[in-house]
Amino acid sequence: MTTEIMLMWASVTLYTIGAITFVFGAVFKLEKVVWAALWISLAGLVPHGIAIGIRWAQTGHAPYLGFYEVVSSYAFAAVVALGIIAWIRPQMRVAGIAIMPIAVLMIGGAMLAPKSPLELTPTLASYWLTIHVTFAKLSYSSFIAAFAIALVYLLRERRPEVLAKLPAQSVLDDLAFRFVAVGFIFLSVMIVAGAIWANEAWGRYWAWDPIETWSLISWIVYAAYLHTRLTLGWKGSKAAWFAVIALPVMVFTLIGVPIAYNSIHGAYLTGVKQ
Amino acid sequence: VRDFGKKAERFLGSPRLAIGLMIYLGVVAYLGTLVPQGSLDAPKVAEWVAAHPASTGVVRFFGLHSVYTAWYFLLGAALLAASTAVCAWRRTSVALRRFRVLRSVARADAVPRPDFSVRLADGTDASAALDSATAALDHIGLKLKRREDRLALTSWPYSVFASSVFHWSLLLLIIALFAGALVRSEGLMGVPLGESRPNVPASYGVVSAGPWHSWTSVKRVVGVEDFKLVYVVGDMDRGPTPLVVIKDDTGKVLIRQVVYPNYPLRHGSVIVHPNEYGLAASFALIGSDGAERARSTEVLDFAKKETGFAGPSAFALTGASTAENVEVRVRVPLERQGRMVKHSVPASPTAQFAFTAPGGKEGSATLQPGQSMPLPDGSQLRLLGVTYYARLSVVDDPTVPVIYFVLVVGLIAVSVALLARQRVVVVYFAEAADARSLDVTARLWRNAGVTSTEIRTAIEDSLAEREEEQGA
């Protein structure tokens with residue numbers, strides 16, 4: 001077993017313990033346990049970050065090629081998003097109850113995938129790749145943060161006695177909206193960068209490839225969220241449900257589509273140019 | 001007419017319609033991912049039709065193989081464009097009103113109409129009351145600037161235009177995309193090494209052009225002057241790389257550049273990418289008198305399932321060059337390296353020709369460059385050589401820079417619209433004959449971060465606390 005894989009298993013272990021501890025702390029209203037869960041989860045970032053760094057040095061490219069690299073880096077981004085939430089609003093650290101299980105599922109999925117590195121092809125060798133992928137990860141992190149906050153909002157709406165020490169529901173509602181707004185901007189940058197890059201690499205900025213189409217669908221879903229909020233005044237549980245339902249669309253776009261569809265665009269995840 | 005116009009404006013400006021149309025277009029776009037699209041891959045459409053005979057009727061009826069150009073998709077997009085236009089217009093009106101408010105309130109001598117007043121205790125000093133209010137508002141995240149007898153906070157005035165600019169950008173984007181479909185041409189052109197092709201539809205193997213595209217307004221010739229199977233840039237092999245040249249119709253070189261993925265050749269609105277490569281067999285038709293009658297080149301692709309040959313390609317010898325119409329097929333045997341077939345020009349290239357003439361006459365021969373085979377009419381087919389050909393993707397779309405510009409403007413606008421605060425808060429000391437108060441004007445439009453009630457409560461609590469302290 002290589003150092004990288006050992007470090008990855010260490011982070012899987014820490015994330016898993018973090019996820020279990022979050023649930024335990026939230027259910028039994030144990031503040032210190034929730035704090036511990038946060039620190040355990042964030043501690044998992046250390047071996048995970050080093051493992052990504054080792055891989056980066058070995059392959060010569062950032063973690064954006066192949067299921068193992070891509071999905072593992074999304075798990076990393078999810079835990080970073082939790083850290084950002086906890087930093088902005090320390091009481092919101094309990095959002096880990098929603099984020100950590102997703103992170104565990106992702107890193108677990110990555111660990112089960114083939115780990116042989118994919119070669120950077122001439123088509124992928126562009127600075128647009130870095131811009132495109134960076135904003136994909138940023139948008140995903142923002143949306144997963146919004147998802148977690150919205151889930152906490154809905155949970156507390158049903159059982160106000162749970163998570164009583166969190167900020168007011170209106171604050172959670174506003175925070176979820178802000179994460180969606182920022183994520184929407186990142187998603188827009190990702191799509192625009194992708195379109196410009198596609199024109200550079202293939203000579204067309206948009207070809208209705210399944211990944212392009214699903215990116216547009218994700219954009220539409222979040223545009224509809226913002227529209228319902230800003231023009232129809234949807235707030236509270238309606239907006240929270242919207243943020244919760246929207247995330248699977250985004251996750252499917254980033255991870256599911258390259259697997260489900262036979263597309264040249266999916267080579268970054270599957271490594272197969274069909 | 002005016003009544004109809006108002007109704008149409010109300011209908012198109014409805015946020016529910018806009019949201020409904022977005023979801024509708026999203027659903028239709030999703031349907032387009034379920035079946036292969038003709039615009040992307042016509043052979044896959046044929047394969048899908050053969051594999052799904054039961055669904056073909058429904059799919060054909062709804063035009064699902066070309067869903068993104070189907071009437072119901074274009075109608076939805078047109079309605080969304082109209083809705084966006086109305087929305088952008090309305091938002092511009094609102095933005096102008098807000099802009100005027102921001103500018104007028106920002107003036108030092110302005111006395112805006114107060115939204116509420118907080119009464120001060122008798123004898124309260126103006127400066128002390130404003131100090132209290134400053135501290136209270138700072139506590140809830142509002143940093144007001146002091147100007148003599150007033151406190152003011154005004155957001156960047158131009159931020160109020162962001163939402164309208166974003167919606168105008170979206171509208172312009174839809175229009176530019178539509179215009180692009182009308183004027184754009186794109187296709188795949190096979191150009192053998194050392195040859196050139198005029199940029200006309202006949203030079204393309206696959207081509208599509210919008211109804212407003214002009215092939216004659218700018219006359220260009222596309223040529224390939226060099227071809228390298230391995231082309232290393234920055235420690236990376238960029239793959240088969242042609243040196244492409246674009247000339248005008250007088251033969252003057254306009255631009256010359258190697259092209260590989262992410263490094264296309266640009267000239268005006270034309271952009272050239274490498275798409276694929278193959279071999280090309282050039283040959284001449286020699287008459288019975290020994291004179292050369294015609295010369296041509298056939299491009300030969302490497303088969304997807306390995307056959308050991310490049311090609312075959314079929315062509316017809318017709319017209320003045322031959323006495324009889326003859327169907328000819330040509331292919332080039334490839335070299336092997338172990339079990340692998342090399343996709344390159346063999347060290348000693350040959351080409352296999354086979355012909356079918358009227359009356360069932362047939363013949364075949366394997367030729368080396370310079371060798372000939374006889375045809376039924378007494379003429380001869382002579383192989384001149386075997387070389388590479390580059391299949392180039394040639395796109396001519398003058399709307400691309402416009403689309404990029406609109407996308408960038410839209411991105412900036414949506415970022416400002418979603419993140420920038422749109423608010424103005426003014427607190428000033430007012431003194432009437434019988435009372436003193438802090439009058440507050442608060443216009444909290446978007447991303448305000450606070451409510452009017454929070455502002456009022458903060459000021460009232462702060463003043464009450466101060467009075468208590470003074471009383472004590």
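It should be noted that the structure appears before, not after, this text.
These remarks concern the structure in this document. A quick note: this is a predicted structure, and the numbers were derived from the prediction, not measured.

Digging into the overall build of chain A
When helices and strands are counted, chain A shows 9 helices and 0 strands. In chain A, the succession of helices and strands from N to C terminus is α-α-α-α-α-α-α-α-α. Here the C-alpha radius of gyration of chain A, 19 Å, is about what a compact globule of 274 residues would show, namely 19 Å. Seen through its C-alpha atoms, chain A measures out along the principal axes to roughly 55 × 50 × 25 Å. The burial tally for chain A puts 60% of its 274 residues in the buried class. Looking at chain A alone, contacts between residues at least 24 apart form 75% of all its contacts between residues at least 6 apart. Here chain A carries 17 positive and 11 negative side-chain charges, and the mean point of each set is 10 Å from the other.

Structural notes on the overall build of chain B
From N to C terminus, chain B includes 9 helices and 24 strands. Radius of gyration (C-alpha) of chain B: 36 Å, far over the 23 Å computed for a compact globule of 472 residues. Taken along the three principal axes of its C-alpha coordinates, chain B extends 120 × 55 × 45 Å. Looking at chain B as a whole, 45% of its 472 residues qualify as buried. Sequence-distant contacts, at least 24 apart, represent 60% of the contacts inside chain B between residues at least 6 apart. Carbon together with sulfur atoms contributes 57% to the accessible area of chain B, which is approximately 24300 Å² in total. One way to put it: in chain B the 50 positive side-chain charges average out to a point 4 Å from where the 43 negative ones average out.

So, the interface of chain A and chain B
Opposite the 44 residues of chain A that make contact, chain B presents 46 residues. Summing both partners gives a buried area of about 3800 Å² for chain A against chain B, and 69% of it is carried by carbon and sulfur. A per-residue breakdown of the area chain A buries against chain B is headed by A:E200, A:Y205 and A:W208, which together make up 18% of the total. Inspection of the region where chain A meets chain B yields 1 salt bridge. A salt bridge links A:E200 to B:R266; the shortest N-O distance between them is 2.1 Å. Here chain A is connected to chain B by 11 residue pairs in polar contact (both at pLDDT 80 or more). The element that contributes the greatest number of residues to the side of chain A that touches chain B is helix α6 (residues 169-202) of chain A, accounting for 15 residues. Classifying every residue of the side of chain A that touches chain B gives 29 nonpolar, 11 polar and 4 charged.

Some details on the packing of helix α7 (residues 210-230) of chain A against helix α2 (residues 15-34) of chain B
At a closest axis distance of 9 Å, the pairing of α7(A) and α2(B) adopts a crossing angle of 160 degrees. With respect to each other, α7(A) and α2(B) are oriented roughly antiparallel. Handedness of the α7(A)/α2(B) crossing: left-handed. Of α2(B), the residues touching α7(A) (which contributes A:P210, A:T213, A:W214, A:I217, A:I220, A:A223, A:A224, A:H227 and A:T228) are B:A18, B:I19, B:M22, B:I23, B:G26, B:A29, B:Y30 and B:T33. Taken together, the residues that form the contact of α7(A) with α2(B) break down as 12 nonpolar, 5 polar and no charged.

Description of a nonpolar patch on the surface
All names here are of chain A. Taken together, V23, F24, V27, F28 and L30 make up a surface patch of nonpolar side chains, about 450 Å² in accessible area. Topologically, L30 is positioned in the loop between α1 (3-27) and α2 (31-59). Look at L30 and you get partly exposed, because its relative accessible area is 33%.

Topic: the sheet that holds strand β3 (residues 150-154) of chain B
Residues and elements named next belong to chain B. Taken in spatial order, the 5 strands make up an open sheet running β1-β24-β23-β3-β2, and their pairing is antiparallel. Bordering the open sheet on either side are β1 (116-119) and β2 (145-147), each of which pairs with just one other strand. Each strand axis lies, on average, 25 degrees off the axis of its neighbour in the sheet, ignoring direction. Across 4 bridges, β1 lies against strand β24 (residues 436-446) in antiparallel orientation. When the bridges of β24 are listed, F116 appears paired with V440. Most of the contacts of helix α9 (residues 452-471) go to β24, to which it runs at about 155 degrees, and overall it touches β1, β23 (422-431) and β24.

Overview of the environment of A:I245
Looking at the secondary structure, you find A:I245 in helix α8 (residues 236-260). Along the chain, A:I245 and A:A146 lie 99 residues apart, while their C-alpha atoms are 11 Å from each other.

Considering the pattern of salt bridges
Summed over all chains, the structure comprises 23 salt bridges over all chains. In this structure, B:D301 engages B:R391 in a salt bridge whose closest nitrogen and oxygen atoms are separated by 3.3 Å. Here the residue B:D301 occupies a position in the loop between β14 (292-300) and β15 (309-317), and B:R391 occupies one in strand β22 (residues 380-396), the gap between them amounting to 90 residues. Via salt bridges that share partners, A:E4, A:R55 and A:E69 belong to a single interconnected network.

Description of the sheet that holds β15(B)
All names here are of chain B. Pairing within the open sheet is antiparallel, and its 4 strands lie in the order β15-β16-β19-β20. Across the chains shown, the open sheet's two edge strands, defined by having one partner strand only, are β15 and β20 (361-367). Recorded for the sheet is a direction-independent mean angle of 15 degrees between the axes of neighbouring strands. Relative to strand β16 (residues 326-333), β15 runs antiparallel, the two sharing 7 bridges. Bridge pairing links A310 to V332 in β16.

Some details on the environment of B:V86
Residues and elements named next belong to chain B. Along the chain, V86 turns up in helix α5 (residues 71-106). Residue class for V86 comes out buried when judged on its relative accessible area of 14%. In sequence terms V86 and V406 are 320 residues apart; their C-alpha atoms lie 18 Å from each other. Beyond its immediate stretch of four places on either side in the chain, V86 contacts E9, L12 and G13.

Thoughts on the packing of aromatic side chains
Two aromatic rings, taken as a pair, are described by how far apart their centres are and by the angle between their planes. All chains considered together, the criterion is met by 28 aromatic pairs over all chains. When the ring of B:W71 is compared with that of B:Y72, the centres are 5.7 Å apart and the planes differ by 85 degrees; the resulting orientation is edge-to-face. Residue B:Y72 is classed as buried on the basis of its relative accessible area, which comes to 12%. Among the aromatic residues, those joined into a cluster by ring pairs are A:W206, A:W208, B:Y68 and B:F73. One Lys or Arg, A:R93, reaches over the ring of A:W35 and ends 4.0 Å from the middle of that ring. In this arrangement the basic side chain of B:R331 is found over the ring face of B:F309, its NZ or CZ atom lying 3.6 Å from the centre.

Rules used in this analysis
Residues numbered from 1 in each chain as written. Chains lettered and ligands numbered in written order. Predicted model: local features only at pLDDT ≥ 70, side-chain atom pairs only at ≥ 80, totals over all residues. Heavy atoms only, no water. Helix = DSSP H or I, 4+ residues; strand = E, 2+ residues; numbered from the N terminus. Rg over C-alpha atoms; globule rule 2.2 N^0.38 Å. Buried < 20%, exposed > 50% of the residue type's maximum accessible area, 1.4 Å probe, protein only. Contact = heavy atoms within 4.5 Å. Lys, Arg positive; Asp, Glu negative; His and termini not counted. Charge placed at Lys NZ, Arg CZ, Asp CG, Glu CD. Areas by Shrake-Rupley, 256 points an atom, 1.4 Å probe, with all protein chains shown as cover. Buried area = accessible area lost by both parts, 1.4 Å probe. Salt bridge = Lys/Arg side-chain N within 4 Å of Asp/Glu carboxyl O. Polar contact = N/O pair within 3.5 Å; in protein donor to acceptor, adjacent residues only side chain to side chain. Nonpolar A, V, L, I, M, F, W, Y, C, P; charged D, E, K, R; others polar. Axes fitted to C-alpha atoms, helices over the stretch in contact; angles between N-to-C directions. Parallel < 35°, antiparallel > 145°, perpendicular 65-115°, else oblique. Left-handed = near helix turned anticlockwise from the far one by under 90°. Patch = residues over 30% accessible without salt bridge, like charges linked within 9 Å, V, L, I, M, F, W, Y side chains within 5 Å. Pairing = 2+ DSSP bridges. Phe/Tyr/Trp six-rings, centres within 6.5 Å; stacked < 30°, edge-to-face > 60°. Lys NZ or Arg CZ within 6 Å of the ring centre and 35° of its normal.

The values reported here are purely geometric and, on their own, carry no functional implication.
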